[in-house]
Amino acid sequence: MKRCMFVDASSVVRKVAKRILGSPDLVFIDAETAGQALDMCEADMPELIVIDTALPDMNAEELIRRIRRMEAPVKPQ
C-alpha cells in the first residue's frame, strides 16, 4: 500500500486533502510542521510527499533537501 504525506500548517487544508486523496489503496499521513515531517520520514519514508511552500519552521526547499539526504530503504513494489 502506498503512503502519501501532506505537510501543511493548516489543519483544515490537511483535512480536505485527506478527504480528497484518501482511498483504500493509499495511506494518508500528515504533518503540521517541517520538523514533524522530518521525524516521520526518518521513521518510515512515504512514497509521495506534498509540501506547502509557507511552512512556519522551515522553507519547503530546505525540507526537500533534508528529506533527499536521508537514507531510506528501498521498498519492494
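Participant: Give a description of the nonpolar core that names residues and reports values.
Facilitator: Ranked by size, the top nonpolar core spans 14 residues in total, and within it Met-5, Val-7, Ala-37, Leu-38, Cys-41, Leu-63 and Ile-67 carry the most contacts. Those elements giving two or more residues to this core turn out to be β1 (2-7), β2 (26-31), α2 (34-43) and α3 (60-69). Leaving out residues up to four positions away in the same chain, Ala-37 has contacts with Met-5, Val-7, Ala-31 and Leu-63.

Participant: So what's going on with the pattern of salt bridges? Which residues, and what values?
Facilitator: As enumerated under the stated definition, the model contains five salt bridges in all. In this structure, Asp-30 engages Arg-14 in a salt bridge whose closest nitrogen and oxygen atoms are separated by 2.8 Å. Within this pair, whereas Asp-30 is found in strand β2, its partner Arg-14 is found in helix α1 (residues 11-21), the two being separated by 16 residues in sequence. You can call Asp-30 partly exposed: its relative accessible area is 32%. Judged by its relative accessible area of 11%, Arg-14 falls in the buried class. Ionic pairing is found between Arg-69 and Glu-62, a salt bridge with its closest N-O pair at 4.0 Å. Among the residues examined, Arg-69 registers a relative accessible area of 58% and is labelled exposed. On the basis of relative accessibility, which here comes to 22%, the residue Glu-62 falls in the partly exposed class.

Participant: An account of the sheet that holds strand β3 (residues 48-51) is needed here, citing residue identities and associated values.
Facilitator: Each strand in a sheet pairs with its neighbour through backbone hydrogen bonds, running either in the same direction (parallel) or in the opposite one (antiparallel). A sheet is described by the order of its strands in space; here three strands give the open sequence β2-β1-β3, paired in parallel fashion. Each of the sheet's edge strands pairs with one partner strand only, and the pair in question is β2 and β3. Across the sheet, the axes of successive neighbouring strands diverge by a mean angle of 20°, strand direction being ignored. Pairing between β1 and β3: four bridges, direction parallel. By the bridge assignment for β3, Val-7 is matched with Ile-51. Strand contacts of α2: β1, β2 and β3, with the helix running at about 140° to β2, the strand carrying the most contacts.

Participant: So what about a nonpolar patch on the surface? Which residues, and what values?
Facilitator: A grouping of Val-12, Val-16, Ile-20 and Leu-21 is seen on the molecular surface, where their side chains present a nonpolar patch of about 370 Å² in accessible area. Residue position: Leu-21 is located in helix α1. The class of Leu-21 is partly exposed, set by a relative accessible area of 33%.

Reading the values: rules and limits
Residues numbered from 1 in each chain as written. Predicted model: local features only at pLDDT ≥ 70, side-chain atom pairs only at ≥ 80, totals over all residues. Heavy atoms only, no water. Core = buried A, V, L, I, M, F, W, Y, C linked by side-chain atoms within 4.5 Å. Buried < 20%, exposed > 50% of the residue type's maximum accessible area, 1.4 Å probe, protein only. Helix = DSSP H or I, 4+ residues; strand = E, 2+ residues; numbered from the N terminus. Contact = heavy atoms within 4.5 Å. Salt bridge = Lys/Arg side-chain N within 4 Å of Asp/Glu carboxyl O. Pairing = 2+ DSSP bridges. Axes fitted to C-alpha atoms, helices over the stretch in contact; angles between N-to-C directions. Patch = residues over 30% accessible without salt bridge, like charges linked within 9 Å, V, L, I, M, F, W, Y side chains within 5 Å. Areas by Shrake-Rupley, 256 points an atom, 1.4 Å probe, with all protein chains shown as cover.

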